[in-house]
Amino acid sequence: MACGLVASNVNLKPGECLRMRGEVAPDAKSFVLNLGKDSNNLCLHFNPRFNAHGDVNVIVCNSKDGGAWGAEQRESAFPFQPGSVTEVCISFEEADLSIKLPDGYTFKFPNRLNLETINYLEAEGDFKVKCVAFE
């Protein structure tokens with residue numbers, strides 16, 4: 001795993017959107033985008049898996065509360081290609097997070113931790129962050 005990006009004091013509020021653009025490694029196995037309070041309290045663990053943990057071309061989402069993982073949510077839409085530049089937009093609302101993928105497909109993941117603000121952002125794995133924007 002390549003060393004990624006970690007940011008604290010992000011201060012993302014309901015109604016705001018995080019747009020992240022990056023380069024997927026040519027030999028990508030998986031990458032992770034984490035959003036939450038800190039590394040042990042994540043309202044969104046977004047994990048596209050090209051070929052990792054027994055999964056092929058699936059997006060696995062989860063939450064982590066006090067270090068304990070919740071139930072996984074799997075999405076079969078998989079618009080990511082190794083060796084390409086891609087963008088993911090995550091809109092934060094009080095009840096859920098809306099994740100917009102590069103092909104225009106959008107899905108929701110519940111805000112299980114009921115966070116009012118997202119202060120922690122982490123990107124790791126086979127994804128080189130090029131741009132992070134808050135809208």
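As the structure is a computational prediction, the values presented were derived from the model and not from experiment. (Residues numbered from 1 in each chain as written. Predicted model: local features only at pLDDT ≥ 70, side-chain atom pairs only at ≥ 80, totals over all residues. Heavy atoms only, no water.)

Student: Just checking my understanding: could you explain the environment of Leu97 for this structure?
Tutor: One can find Leu97 in strand S9 (residues 96-100). Leu97 gets classed as buried once you look at its relative accessible area, which sits at 0%. Leu97 sits 82 residues away from Gly15 along the chain, and the two C-alpha atoms are 9.9 Å apart. Contact partners of Leu97, with chain neighbours within four places excluded, come to Leu35, Cys43, Leu44, Ile90, Ser91, Phe92, Phe107, Lys108, Phe109, Pro110, Asn111 and Ile118. (Helix = DSSP H or I, 4+ residues; strand = E, 2+ residues; numbered from the N terminus. Buried < 20%, exposed > 50% of the residue type's maximum accessible area, 1.4 Å probe, protein only. Contact = heavy atoms within 4.5 Å.)

Student: Would you mind going over the nonpolar core with me for this structure?
Tutor: Inside soluble globular proteins, nonpolar side chains tend to come together where they are buried. In terms of nonpolar packing, the biggest core is built from 33 residues, with Leu44, Phe46, Phe80, Leu97 and Ile99 touching the most fellow members. It is strand S4 (residues 41-52) that provides the largest number of residues to this core, a total of 4 residues. Aside from chain neighbours lying at most four places away, what touches Phe80 is Phe31, Phe46, Pro48, Phe50, Ile59, Thr86, Val88, Leu101 and Pro102. (Core = buried A, V, L, I, M, F, W, Y, C linked by side-chain atoms within 4.5 Å.)

Student: Could you clarify how one ought to interpret the pairing of strand S2 (residues 17-24) in this entry?
Tutor: It is a general feature of regular strands that their side chains alternate between the two faces of the sheet. In this sheet, strand S8 (residues 85-92) lies alongside S2 in antiparallel orientation, the contact comprising 7 bridges. From the neighbouring strand, Arg21 faces S8, where its bridge partner is Glu87. Sheet topology note: the S2/strand S12 (residues 127-134) ladder contains 7 bridges and is antiparallel. Residue pairing in the sheet places Leu18 in a bridge with Phe134 of S12. (Pairing = 2+ DSSP bridges.)

Student: Hey, could you run me through the pairing of strand S3 (residues 31-38) in this one?
Tutor: With 6 of 8 residues buried, S3 lies mostly within the body of the structure. As judged from the 6 bridges shared by S3 and strand S11 (residues 120-125), these two strands associate in the antiparallel manner. Bridge pairing in S11 links Leu35 to Leu121. Relative to S4, S3 is paired through 5 bridges, and the arrangement is antiparallel. When the bridges of S4 are listed, Gly36 appears paired with Leu42. Taken together, S3 and the strand that follows it, S4, pair antiparallel across an intervening segment of 2 residues.

Student: Could you clarify how one ought to interpret the packing of aromatic side chains in this entry?
Tutor: The way to describe two aromatic rings as a pair is by their centre distance and the angle between their planes. Going through the model one piece at a time under the given rule, you end up with 7 aromatic pairs. On the basis of an interplanar angle of 40 degrees and a centroid distance of 6.5 Å, the ring pair of Phe31 and Phe50 is categorised as tilted. With a gap of 19 residues between them, Phe31 in strand S3 and Phe50 in strand S4 connect regions that are remote in the sequence. A single burial state applies to Phe31 and to Phe50, both of which are buried. Ring geometry for Phe31 and Phe80: centres 5.5 Å apart, planes at 85 degrees, overall edge-to-face. Here Phe31, found in strand S3, pairs with Phe80, found in the loop between strand S7 (73-75) and S8; they are 49 residues apart in sequence, far enough to count as distant. Here Phe31 matches Phe80 in class, with each residue buried. (Phe/Tyr/Trp six-rings, centres within 6.5 Å; stacked < 30°, edge-to-face > 60°.)

Function cannot be inferred from these measures alone, as they are strictly geometric.
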